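Spelled out, the chains give:
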Amino acid sequence: MAENDRHSSQVRRAAITVGGVVQGVGFRPFVYNLARSQRLGGWVRNEADTVQIDVQGTPGAVEAFLTALRNVPPPQARIDRLEVRELPCLDAQPAEFEIRPSFGRSAPQPVIPADLATCPECVQEIFDPAQRRHLYPFTNCTNCGPRWSIIERLPYDRPQTAMKTFAMCPACRAEYEDPADRRFHAQPIACPRCGPQLELADPQGRIISRTSGQPVLQQAAEALREGKILGLKGLGGFQILVDATDPEAVERLRTRKRRPHRPLAVMMSSLEEVRRHCRVSADEAQVLTSPQTPIVLLTRKETLEENRPVPHTHPSAFIPHPSFPLPDAIAPGNPYLGVMLPYTPLHHLLLHLVGRPVVCTSGNLSEEPMATDNAEALERLGPMVDLLLWHDRPIVRPVDDSVVRLGPAGLEILRRARGYAPLPLALDLPAPPLLALGGHLKNTVAVSLDSRVRETHQTPVVLSSHVGDLDHPLSVEVFRRAAEDLQEFYQVRPAAVVCDLHPDYASTHEAEVLARRWETPCLRVQHHHAHVAACMAEHGLAGPVLGLAWDGTGYGPDGTVWGGEFLVCEGSDYRRVAHFRTFPLPGGDRAVRQPRRSALGLLFEMSPEEAADAVKVLFSPDELKTLLQMLTRKTNCPRTSSVGRLFDAVAALCGLPPVITFEGQAAMTLEFAAEPSDAMPYSLAVQTAGVPWPRSCGHAEEPHASDMPTASVGMAPVILDWEPMLRAILEDRRAGVPIGVISARFHRTLAQGAVEIAKIVNLPRIVLSGGCFQNALLLRTMIDALQTAGFTVYAHQKVPPGDGGIALGQLYVAAMSYNERNLTPIP
Ligand code: ZN
Ligand code: ZN
Ligand code: FE
């Protein structure tokens with residue numbers, strides 16, 4: 001006994017379970033090296049979705065090991081859980097520390113890492129002539145490289161990836177098998193001798209040159225410097241590159257891509273280069289250089305005076321040009337620039353050779369999905385580009401570039417794709433496996449992984465990479481594959497399929513087909529309810545909350561087009577407690593591209609007599625006559641409460657472009673026009689149950705809590721009426737008030753209206769969701785106003801506020817519904 005006690009005080013043995021993103025990120029070699037450095041014996045192995053470690057050594061060494069494990073894990077690992085259990089010591093100290101084979105192939109769902117930007121060590125290697133991977137564009141290691149874009153199925157081993165056809169050379173094999181090497185078990189390991197190779201082709205597919213590294217890249221870089229348009233096979237899809245400092249080349253790209261106005265993203269070689277063009281905060285720098293390396297929306301330094309559609313008086317806009325000025329055509333009239341750093345060795349090498357910023361946009365024709373294989377790129381991008389730079393490593397699934405900003409809510413992901421997908425999000429409740437098919441625009445799909453298998457009270461949800469708008473048949477095909485992919489990859493047999501309430505969405509049709517095939521229920525979640533639920537899911541809220549879902553359009557169960565909604569959401573239930581006053585949209589969906597139609601509809605609703613006169617400059621006499629007839633006869637004029645369309649209408653009435661080329665363009669122009677001003681908000685009228693609320697809301701006086709007609713809230717929705725505001729805007733326009741002031745007042749009016757409704761509903765927690773909250777000015781104004789009024793405000797961070805978040809919301813509503821029924825199937 002005494003012998004044993006003395007023994008255990010000098011030796012400690014611990015079993016350690018580590019959960020989170022711990023596989024495919026170099027975790028085991030890290031543990032191996034750490035254990036050896038502390039002279040610990042034992043082993044490490046992958047097990048289902050965790051890593052198991054068993055160590056024995058002096059108590060000090062074990063403690064040091066645990067401290068390092070907790071505080072300095074490998075850069076790409078994310079430790080969500082670390083449990084330490086003391087074990088009785090082995091009599092004989094294990095001589096070695098070893099990496100044991102993976103255990104338990106019936107793995108529930110290991111966390112698959114997302115694609116990772118090239119790590120600093122690999123960047124150094126490709127620029128070092130002494131290294132065998134000098135100039136090799138497919139260099140990677142366990143800390144970096146492709147993941148989600150190359151994995152065909154689980155478990156994550158090379159034969160199940162796009163690298164299966166590349167046999168490792170002896171040198172790569174040695175690295176792959178050496179636990180002390182940075183490339184130990186790096187599945188996509190490659191080198192110039194054994195890995196993928198580049199080819200440069202003309203738009204007809206004829207190969208111009210082939211070899212890895214310099215000559216091909218040099219030629220491609222040369223072409224870019226001459227203003228040519230390059231199709232590049234990137235990490236998760238084709239991209240189109242052009243010299244960003246060459247205005248003519250940028251215009252040519254816009255014409256060929258049929259994308260006249262939408263902002264283009266720019267890739268710059270280094271953070272220093274980015275700082276020359278944009279203001280970069282410490283947080284922004286950190287995101288730019290993170291392993292996700294997303295497109296970050298940054299404030300431009302360059303003066304945007306040229307071609308500016310509206311006067312702009314931000315003092316920050318007058319900083320002198322940097323060395324390579326970027327033409328306004330990259331993001332016309334936009335104070336922000338979407339910027340990213342190189343994230344593959346290919347991008348690093350190319351950018352280095354080009355020596356200036358390049359436009360780097362998805363490889364697709366407007367509306368179509370991104371091309372991912374060489375033949376497809378040739379067919380679809382051939383007519384658009386002057387050269388194609390591609391390679392022979394297949395892309396298993398499309399993974400577009402992510403877009404983020406450091407906005408009013410912190411780090412906000414506006415497009416969730418590369419670097420973030422498929423890292424799971426967690427629902428704070430148990431749920432069966434469910435498949436949610438999202439909305440129609442900016443589609444993503446989501447799958448929940450069965451929480452009952454894992455015996456936790458959290459349900460992991462995997463949200464697909466950004467799919468895009470489902471207007472084009474090719475996009476619908478990509479969407480179908482994305483849904484099938486998630487379901488097959490995670491081996492999920494959904495207990496239900498969830499979709500939008502809209503009967504005509506391609507995603508709804510697909511949900512019906514799948515539900516029939518699998519004989520499972522098809523659950524329909526109202527669009528704006530899903531918006532609010534997505535934000536609730538992010539913040540672990542079960543309700544009741546007041547959700548503000550403001551966007552372009554969504555199917556309302558009452559036959560109108562919703563989009564300016566105040567919903568009380570609790571559990572799987574929602575109640576529409578208020579909405580903006582509706583107005584007719586002449587031509588329905590056609591109004592999306594014609595803000596002037598929203599203006600006409602809004603004015604017609606207010607006063608059919610005044611409408612024609614107020615907008616006659618925006619239409620030809622014939623057009624106006626036809627539209628007025630439609631409005632009078634109520635033909636093809638759906639009514640809407642949409643805030644997106646309200647933005648369009650106000651933008652058009654302010655003389656901003658009456659016709660636009662992408663949804664949200666008018667709202668963006670109005671946002672960017674706003675001047676910092678302490679101008680008063682306009683007034684909105686609040687009507688309860690058809691009776692005008694006695695007090696007009698706005699700046700006039702503070703409301704009194706005792707006046708709140710909470711009882712009436714349960715009956716008919718409260719109407720937030722824009723008419724007083726509209727009259728005041730028309731008045732301001734006649735008086736020649738600057739658009740910047742009108743815009744600022746308009747934004748503040750909406751925030752004030754939100755506060756009014758929030759006070760009537762009187763719930764402490766407010767959730768903001770919907771595409772309108774991509775507008776940073778609106779989001780900031782709303783958060784400020786609501787917080788000042790004493791409410792707690794929740795906004796999106798992890799998923800987009802727009803329709804990219806719909807799938808998560810659908811899934812959350814369905815999950816809550818199952819919980820309300822004690823997880824029994826929904827009949
Ligand atoms: Zn690396
Ligand atoms: Zn090799
Ligand atoms: Fe929406």
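Residues numbered from 1 in each chain as written. Chains lettered and ligands numbered in written order. Predicted model: local features only at pLDDT ≥ 70, side-chain atom pairs only at ≥ 80, totals over all residues. Heavy atoms only, no water.

Enquirer: Please give an account of the overall build of the protein chain that cites residues and values.
Expert: Of regular secondary structure, the protein chain possesses 25 helices and 33 strands. For 827 residues, the compact-globule formula gives about 28 Å, and the C-alpha radius of gyration of the protein chain, at 29 Å, lands near that figure. The 827 residues of the protein chain split such that 61% are buried. Long-range contacts, defined as pairs at least 24 residues apart, comprise 74% of the intrachain contacts of the protein chain with a sequence gap of at least 6. For the protein chain, the exposed area adds up to about 31500 Å²; of that, 51% sits on carbon and sulfur atoms. Charge centroids of the protein chain, computed over 82 positive and 91 negative side chains, lie 2 Å from each other. (Helix = DSSP H or I, 4+ residues; strand = E, 2+ residues; numbered from the N terminus. Rg over C-alpha atoms; globule rule 2.2 N^0.38 Å. Buried < 20%, exposed > 50% of the residue type's maximum accessible area, 1.4 Å probe, protein only. Contact = heavy atoms within 4.5 Å. Areas by Shrake-Rupley, 256 points an atom, 1.4 Å probe, with all protein chains shown as cover. Lys, Arg positive; Asp, Glu negative; His and termini not counted. Charge placed at Lys NZ, Arg CZ, Asp CG, Glu CD.)

Enquirer: Give a detailed account of the pattern of salt bridges, specifying residues and quantitative values.
Expert: Inspection of every chain in the model, using the stated rule, returns 44 salt bridges. Where R13 meets D54, a salt bridge forms, and the shortest distance between an N and an O atom there is 2.8 Å. Placement of the pair is R13 in strand β1 (residues 12-21) and D54 in strand β3 (residues 50-57), with a sequence separation of 41 residues. Of the two residues examined, R13 and D54, each falls in the buried class. Where salt bridges share partners, they join R581, E605, E610, R639, D721, E723 and R727 into one cluster. (Salt bridge = Lys/Arg side-chain N within 4 Å of Asp/Glu carboxyl O.)

Enquirer: Account for the environment of M680, naming residues and giving values.
Expert: With respect to the secondary-structure elements, M680 resides in the loop between α20 (665-673) and β29 (685-688). Here M680 falls in the partly exposed class, since its relative accessible area comes to 45%. The sequence separation of M680 and L90 amounts to 590 residues, and the corresponding C-alpha distance is 76 Å.

Enquirer: Help me get a handle on the coordination of the zinc ion (ligand 1), residues and values and all.
Expert: The zinc ion (ligand 1) binds to the protein through C119 (SG), C122 (SG), C141 (SG) and C144 (SG); the donor distances cover 2.3 to 2.4 Å. Each of the four donor atoms bound to the zinc ion (ligand 1) contributes to angles spanning 103 to 118 degrees, and the resulting shape is tetrahedral. Spacing between the donor residues of the zinc ion (ligand 1) along the chain follows C-x2-C-x18-C-x2-C. Linking C122 in helix α4 (residues 120-126) with C144 in the loop between α4 and α5 (170-177), this pair joins segments that are 22 residues apart in sequence. Taking relative accessible area as the criterion, C144 reaches 1% and is therefore assigned buried. (Donors = N, O, S within 2.8 Å, 3.2 Å for Na, K, Ca; no water. Tetrahedral: all angles 85-135°; square planar, octahedral: opposite > 155°, others 65-115°.)

Enquirer: Could you give an account of helix α22 (residues 723-734), with specific residues and numbers?
Expert: Along an α-helix, residues three or four positions apart point the same way, because every turn accommodates 3.6 residues. Between its terminal C-alpha atoms α22 stretches 17 Å, which fits the 16 Å expected from 12 residues at 1.5 Å a residue. Elements that come into contact with the buried residues of α22 comprise α16 (595-606), α19 (643-653), β31 (718-721) and α23 (739-761). A positive phi of about 75 degrees marks G736, the residue just after α22. (Expected span 1.5 Å × (residues − 1).)

Enquirer: Go over the coordination of the iron ion (ligand 3) with me, naming the residues and quoting the values.
Expert: Protein-derived coordination of the iron ion (ligand 3) comes from H527 (NE2), H531 (NE2), D551 (OD) and D803 (OD), at a distance range of 2.1 to 2.2 Å. Classification of the site at the iron ion (ligand 3) as irregular follows from its four donor atoms and the range of 86 to 169 degrees in their angles at the metal. Between consecutive donor residues of the iron ion (ligand 3), the sequence gaps follow H-x3-H-x19-D-x251-D. One end of the pair, H531, is in helix α15 (residues 527-539); the other, D551, is in strand β24 (residues 545-555), and 20 residues separate them in sequence. Residue H531 is classed as buried on the basis of its relative accessible area of 1%. What makes D551 buried here is its relative accessible area of 3%.

Enquirer: Provide a residue-level description of the packing of helix α13 (residues 473-489) against helix α14 (residues 506-518), including the pertinent values.
Expert: Running from N to C, α13 and α14 cross one another at 40 degrees; their axes reach a closest spacing of 11 Å. Here α13 lies oblique to α14, going by the angle between them. In the crossing of α13 with α14, the sense of the turn from one axis to the other is right-handed. Across from V476, F479, R480 and Q487 in α13, the residues of α14 making contact are A506, S507, E510 and W518. A class-by-class count of the residues in the contact of α13 with α14 yields four nonpolar, two polar and two charged. (Axes fitted to C-alpha atoms, helices over the stretch in contact; angles between N-to-C directions. Parallel < 35°, antiparallel > 145°, perpendicular 65-115°, else oblique. Left-handed = near helix turned anticlockwise from the far one by under 90°. Nonpolar A, V, L, I, M, F, W, Y, C, P; charged D, E, K, R; others polar.)

Enquirer: Quick rundown of the packing of α19 against α22? Include the residues and the values.
Expert: Packing of α19 against α22 brings their axes to within 11 Å, and their N-to-C directions diverge by 20 degrees. Regarding the angle of α19 to α22, the classification is roughly parallel. Here α19 and α22 pass one another in a crossing that is right-handed. Contacts between α19 and α22 pair L646, V650 and L653 from the former with M725, L726, I729, L730 and R733 from the latter.

Enquirer: How would you explain the pairing of strand β13 (residues 336-340) if you had to name every residue and give the values?
Expert: Here is the key point about a regular strand: its side chains alternate between the two faces of the sheet. Across the five residues that make up β13, a large majority, four, are buried. With four bridges connecting them, strand β12 (residues 295-300) and β13 associate as antiparallel partners. Within β13, the residue paired with V296 across the bridge is V339. (Pairing = 2+ DSSP bridges.)

Enquirer: Which residues make up the environment of A221, and what values do they have?
Expert: Structurally, A221 is set in helix α6 (residues 214-225). By relative accessible area, which is 2% here, A221 ends up buried.

Enquirer: Can you tell me about the sheet that holds strand β2 (residues 41-47), naming the residues and giving the values?
Expert: As summarised here, the arrangement of the five strands in space is β4-β1-β3-β2-β5, forming an open sheet in which the pairing is mixed. Every interior strand has two partners, whereas the edge strands, β4 (78-87) and β5 (97-99), have only one. Each adjacent strand pair in this sheet contributes to an overall mean axis angle of 15 degrees, direction not counted. Here β2 pairs with β5 via three bridges, running parallel. Bridging across to β5, V44 finds its partner in I99. Against the sheet, helix α2 (residues 27-37) touches β1, β2, β3, β4 and β5, its axis set at about 175 degrees to β5. Across the sheet, helix α3 (residues 59-71) is in contact with β1, β3 and β4; its angle to β1 comes to roughly 5 degrees.

Enquirer: Outline the sheet that holds strand β21 (residues 459-463), listing residues and values.
Expert: Pairing is mixed across the open sheet formed by six strands, whose spatial order is β18-β21-β20-β19-β22-β23. Only two strands of the sheet have a single neighbouring strand rather than two, namely β18 (425-427) and β23 (522-525). Ignoring which end each strand starts from, the neighbouring axes of this sheet average 25 degrees apart. On top of the sheet, α15 reaches β18, β22 (496-500) and β23; it is set at about 90 degrees to β23, its chief contact.

Enquirer: Tell me what's going on with the side chain of R581, and back it up with residues and numbers.
Expert: Looking at where R581 falls in the secondary structure, it is placed in the loop between β26 (573-580) and β27 (583-584). Reaching out from R581, the side chain makes a polar contact with the side chain of E723 at a distance of 2.7 Å. Leave out the neighbours within four places in its chain, and R581 touches E605, M606, T640, S641, I719, L720, D721, W722 and E723. (Polar contact = N/O pair within 3.5 Å; in protein donor to acceptor, adjacent residues only side chain to side chain.)

Enquirer: Break down the nonpolar core for me, with residues and values.
Expert: In this structure, W550, F566 and L768 are the most contacted members of the largest nonpolar core, which totals 77 residues. Element by element, the count of residues in this core is highest for α23, at 11 residues. By size, the runner-up hydrophobic cluster in this structure holds 40 residues, among which are A249, V250, A285 and V339. (Core = buried A, V, L, I, M, F, W, Y, C linked by side-chain atoms within 4.5 Å.)

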